[in-house]
Amino acid sequence: MTVITQRLTVEEYLHYDDGTDTLYELVNGELCAMALGTGRHGEIADFINTQLRGEISRVGREWVSKQMAIGVQSPRGDRWDTVRIPDVVVIAKEQWRNLQNREAVIRLDEAPPLLVVEVISESTKRVDYRAKRAEYSVLNIPEYWIVDSFEGKITIFTLAEGWYDEAVFTESDRLISPTFTELNLTVNQIFQGEI
């Protein structure tokens, strides 16, 4: 849902306050209210975030995993700005420290996230599979997950020569993540929220 007709720059977006608690993405210069996902959507995102945090700790990486806390500035085909807010973002701990005293938006001139996860909602399915896939590949995000409980699958996109190769996982398939090479997690575990 677009809420204003005047297009905003990223700077205007970062300082925008309509006096509500509404969370907005900036898409092609327009504020788009992010609908509150279902409880299942939130539970899946929380479970993934918890598992990734545990894996980061277990393997001793200097990374953080954050849920709905980091925006990613994204290039578009025209001159208007876009900022996406993925469900889960994994970045270097030092990069997270650098975001502590400003809006937590990774800019185009900064290192991209190591991994982003989008949990599908009915209203975002097309955007997650098409627009964000294109945007995230241009940003050189090495790994992008689409978690689609409606179709019972998780697609992991891996960047190769500027394009995403995709691997689709279902049911008892163990996820194969180039970022989390030792991750021992199946699709069913994610959708059921248990290990």
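The paragraphs below set out a description of the structure included in this document. Every value quoted in this text rests on a predicted model; they were computed, and no experiment measured them.

Analysis parameters
Going along each chain's sequence as written, the residues are numbered from 1 onward. Whole-chain, interface and lining totals are the exception, using all residues; otherwise, since this is a predicted model, local features are given only for residues with pLDDT of at least 70 and side-chain atom pairs are given and counted only at 80 or more. As a convention, hydrogens and water are excluded, and side-chain values are obtained from all of the structure's heavy atoms. A helix here means a DSSP run of H or I that spans at least four residues, while a strand means a run of E at least two residues long, and both kinds are numbered starting from the N terminus. To estimate how far a helix should extend, the number of its residues minus one is multiplied by 1.5 Å. Partly exposed describes any residue whose relative accessible area lies between the buried limit of under 20% and the exposed limit of over 50%, with all areas from a 1.4 Å probe on protein chains only and scaled to the type maximum. Contacts are residue-level and defined by heavy atoms, with any inter-residue pair within 4.5 Å sufficient. The aromatic pairing rule takes the rings of Phe, Tyr and Trp, using the six-membered ring of Trp, and pairs them if the centres are within 6.5 Å, calling planes under 30 degrees apart stacked, those over 60 edge-to-face and the rest tilted. Cavity and pocket criteria rest on a 1 Å grid covering protein atoms alone: a 1.4 Å probe that fits but cannot get out defines a cavity, protein on both sides within 12 Å along at least 5 of 7 lines defines an open pocket, and an atom within 4 Å of a point defines a lining residue. Grid points are joined across faces, edges and corners, and a volume is the space filled by probe spheres set on the points.

### A word on helix H2 (residues 39-59)
At step 1: Its 21 residues give H2 an end-to-end C-alpha distance of 30 Å, which sits within 8% of 30 Å, the value for a rise of 1.5 Å per residue.
At step 2: Inspection of H2 places His41, Ile44, Ala45, Phe47, Ile48, Asn49, Gln51, Leu52, Glu55 and Ile56 among the buried residues, and these make up the whole buried set.
At step 3: Of the surrounding secondary structure, the elements contacted by the buried residues of H2 are strand E3 (63-67), strand E6 (88-92), strand E8 (115-119), strand E9 (143-148) and helix H5 (187-192).
At step 4: Once H2 finishes, glycine 60 follows within two positions and takes phi at roughly 70°, a positive value.

### Comments concerning the environment of leucine 26
At step 1: With respect to the helices, strands and loops of the structure, leucine 26 is situated in strand E1 (residues 24-27).
At step 2: Separated by 17 residues in sequence, leucine 26 and threonine 9 have C-alpha atoms that sit 8.7 Å apart.

### Some details on the packing of aromatic side chains
We describe a pair of aromatic rings using the distance from one ring centre to the other and the angle between the two ring planes.
At step 1: Under the counting rule described, the total for this entry stands at six aromatic pairs.
At step 2: Ring geometry for tyrosine 16 versus tyrosine 24: centroids 5.9 Å apart, planes at 85°, classification edge-to-face.
At step 3: Tyrosine 16 gets classed as partly exposed once you look at its relative accessible area, which sits at 32%.
At step 4: Summarising the aromatic geometry, the rings of phenylalanine 157 and tyrosine 164 are spaced 5.8 Å apart at their centres and angled 50° between planes, so their arrangement reads as tilted.
At step 5: These aromatic residues form a ring-pair network of at least three members: Tyr136, Tyr144, Phe157 and Tyr164.

### A look at the side chain of histidine 41
At step 1: Inspection of the secondary structure puts histidine 41 in helix H2.
At step 2: By relative accessible area, which is 13% here, histidine 41 ends up buried.
At step 3: Those residues in contact with histidine 41, other than ones at most four positions away along the chain, are Asp87, Val119, Ile120 and Ser121.

### Side note on the layout of surface pockets
At step 1: Its volume calculated, the second largest pocket comes out at about 330 Å³.
At step 2: Lining the second largest pocket we find 18 residues, and of these Tyr13, Leu23, Tyr24, Ile85 and Glu103 sit closest to its centre.

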